[in-house]
Every structure is written in C-alpha cells, then in structure tokens.
Amino acid sequence: CACGSSEGDSDTPAASTVSLNVGTGGESGTYYGYTGILGTVIGQKTDVKLTVVATGGSKDNLVSMQDGMYDLATVQSDVMTYAYNGTNSFADSGKIDGFRVLCALYPETVQIVTTDPSLKTVEDLRGKRVCVGDVGSGTYFNAIDVFAAYDMTIDDVSPVYQSFGDSTESLKDGKIDAAFLCAGAPTPAVTELAASKTVYMIGFDDAHMEKLLASCPWYAKLVLPAGTYTGFDEDCATITVKATLVCRADLDDDTAYTIVKTIMESKDDIAALHEKGNSIDLTFATEGIAVPFAAGAAKYFAENGITVETAG
C-alpha cells in the first residue's frame, strides 16, 4: 500500500513537469551560458525544465530540431530566415520550416578578432588563416556575407572551421591570423583572449557597410564601444543580428506561452545572472522577425499590445 501511494505521489509532479531539450552553441559562446541561465530561471518559476545541449550552432540546431533532437533552440535571426525560406545556405539542402519563433533575446555582434595590428580591413585578410566558425554555424554564414560585400569569397582566405573557444585558443597560439565570432559582446572567449594578448577588431568603412546592409537587410549597424575588452581602445563599426529562441512547430501553446511570459517578466532576475538579460524587451523581442511566431508566444505579445505574425 505504502509502495503504491509513493508511486502515485511521484507520478503526479512528473506528469505536470514539461522537460525540453534546447540546442545552443559551443560551450565558450554566449548561447550556451545564457540559455542555461534562462533555463534556471524558467525552472525556478514554472514546471518547464530546460536541458541545455552544446552544439555546432544555428544551422546545426535547426536541422537537428527538424529531426526531433531538440524542442527549443537558440539561433541567429539571419540563419533561421534562410532556413524557413530555403535560401542562401539552405538553397541546396531545402527549406526547414518545422519551427516557430518564441522571442528575440539580444543583439549578436559580428566580431572579426585579430591579434595582428597590421590587419585593419577585411581585404587585409586575403591569403590569411581565418577562422570562420563551425561549418554551418551562424558565424560561418556571416563570414560569407561579409566577404561578399568586399567582392571576396571564402576561397580568398585560408579558412579554418572552429568553435569560439578553439578559435581564440588558435589566435593565442598564433595558429590563425583572425577569427569571425558572432555572439553577444563582450564574448567570454574574447574576454579570456584579451587577458593575455592585445586584441584588435576589424571594422567596416561606410561604403562597405552600406553595400552589406543593402544586400543583407537582416543585419543592423552597431558600434562596438572602446573598452568592451581589456586593451580595446577605440570604437569599431560592425553589424548585428538577433539571438532568437525558437521552438518546434508542434510545441503546445501553453508551454510556449509560459516560456515567453517568464522570460519577458523576469528581466531583472535574468540580468542579475547575465548582462544579456538587460536586452529583454517587448519591442526588441518582436521587431524585424521574418519567421512566424508560435501561437502561444503570439498570445502573450497580444496581451501586451503587440501583434506578431503566426503561421495561420
């Protein structure tokens, strides 16, 4: 009898808890650490439990989510747009549209990092050993877009495919000349590099910035301020996309609503644990998103006076 009743008791909480796997990025990137904090706060306040998984990044997450490996994922807004429409990096493999947007989280900065002060422009990277992120990561596609604005392709450099942590280690050891990183700044891997080496950022002049924004309107201009990293002593004009939380299209509406409501209404709690929490904002969460939102997310935003597109 006691046995049966304890089984009954343990069944009850299990039945009410929703356990979800979340694809993020490399362990040294912002996705992994920040999404872990979102999971902690959501887990404390609701019955939704998030298990964070380190991955190869945006494209890997979307493909794996379509294959049923993840329920949620953090992805770059540009890459999810390519996936949903079957364009750019998804033109050959085909569209992936079995996902919906929950909310945009924070701006991600395209950072071209070097420890060589003689490398001042993207054109200076010709023939150099340049890390362009993991294959299929958002960073990889950012690099392709940036090179195109300078009438270059990835073949104009000697490309290296590594995660953030590995690429900054390679910079430290002199194995590569520069690295693309697209992440919330300051990025932990770059902060760590700046502790032992002087880091420089390769920025964009006005003409190439305008060309890039005209051909790739999903980017926005951002000035990375001096002091972002130790020894980084001048402003740098660069571009951003949005780190975005997405879910499988079949995630139930109540769970989607709960996740979005908890994130949006826990800004102070999240910001106390990670400075990217300061970017939580209803307008930022919903503006400039070219993929349909989950119905549960749309319900929450509607309650707050914001109409977003859904799939129907």
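That block above? That's the structure.
Because the structure is a prediction, the values reported are computed rather than measured.

Cut-offs and rules
Residues numbered from 1 in each chain as written. Predicted model: local features only at pLDDT ≥ 70, side-chain atom pairs only at ≥ 80, totals over all residues. Heavy atoms only, no water. Buried < 20%, exposed > 50% of the residue type's maximum accessible area, 1.4 Å probe, protein only. Helix = DSSP H or I, 4+ residues; strand = E, 2+ residues; numbered from the N terminus. Pairing = 2+ DSSP bridges. Expected span 1.5 Å × (residues − 1). Core = buried A, V, L, I, M, F, W, Y, C linked by side-chain atoms within 4.5 Å. Contact = heavy atoms within 4.5 Å. Axes fitted to C-alpha atoms, helices over the stretch in contact; angles between N-to-C directions. Parallel < 35°, antiparallel > 145°, perpendicular 65-115°, else oblique. Left-handed = near helix turned anticlockwise from the far one by under 90°. Nonpolar A, V, L, I, M, F, W, Y, C, P; charged D, E, K, R; others polar. Phe/Tyr/Trp six-rings, centres within 6.5 Å; stacked < 30°, edge-to-face > 60°.

Caption draft 1: Region of the structure containing the pairing of strand β3 (residues 72–76). Along β3, five of the five residues are buried, which leaves the element largely enclosed by surrounding structure. Across two bridges, strand β1 (residues 18–23) lies against β3 in parallel orientation. Counterpart to V22 in the pairing with β3 is L72. Of the strand pairs in this sheet, β3 and strand β10 (residues 236–248) are connected by five bridges, and their pairing is antiparallel. Looking at the pairing, T74 lines up with L245 of β10.

Caption draft 2: Representation of helix α5 (residues 138–149) within the structure. For α5, spanning 12 residues, the distance from its first C-alpha to its last is 17 Å, which sits close to the expected 16 Å at 1.5 Å a residue. Among the 12 residues in α5, 10 count as buried, and that is most of the element. Among the residues of α5, those classed as buried are G138, T139, Y140, F141, N142, A143, D145, V146, F147 and A149. Once α5 finishes, D151 follows within two positions and takes phi at roughly 55°, a positive value.

Caption draft 3: Here's a closer look at unusual backbone geometry. Along the chain, A185 connects to P186 via a cis peptide bond; the corresponding omega equals 0°. Residue position: P186 is located in the loop between β7 (178–183) and α7 (188–194). Even without glycine at this site, D151 takes up a positive phi of about 55°. Examined against the element boundaries, D151 turns out to sit in the loop between α5 and β6 (158–160).

Caption draft 4: Quick look at the nonpolar core. Of all hydrophobic cores here, the largest spans 84 residues; its most connected members are I263 and F301. With nine residues, the single largest contributor to this core is strand β4 (residues 99–114). Leaving out residues up to four positions away in the same chain, F301 has contacts with L102, C103, V260, M264, L282, A285, T286, F293, I306 and V308. By size, the runner-up hydrophobic cluster in this structure holds 19 residues, among which are C131, L171, A179 and A189.

Caption draft 5: Just the packing of helix α9 (residues 253–264) against helix α12 (residues 295–303), in detail. Relative to each other, α9 and α12 sit at 45°, their axes nearing to 7 Å. In terms of their interaxial angle, α9 and α12 are classed as oblique. Seen from above, α9 lies across α12 with right-handed handedness. Residues D253, A256, Y257, V260, K261 and M264 of α9 pack against A295, G296, A297, K299, Y300, F301 and E303 of α12. A per-class count over the contact of α9 with α12 returns eight nonpolar, one polar and four charged.

Caption draft 6: Molecular detail of the packing of aromatic side chains. What the rule picks out here adds up to 13 aromatic pairs. Judged by centre distance (6.3 Å) and plane angle (80°), the ring pair of Y82 and F141 falls under edge-to-face. Of the two residues, Y82 is situated in helix α4 (residues 77–85) and F141 in helix α5; the sequence distance between them amounts to 59 residues. Residue Y82 is classed as buried on the basis of its relative accessible area, which comes to 2%. What makes F141 buried here is its relative accessible area of 7%. Seen from their ring centres, Y257 and Y300 are 6.0 Å apart, and the 70° between their planes marks the pair as edge-to-face. Here Y257 is found in helix α9, whereas its partner Y300 is found in helix α12, with 43 residues between them in sequence. Residue Y257 shares its accessibility class with Y300, and that shared class is buried. The structure contains a cluster of three or more aromatic residues connected by ring pairs, namely Y82, Y140, F141, Y161, W218 and Y219.

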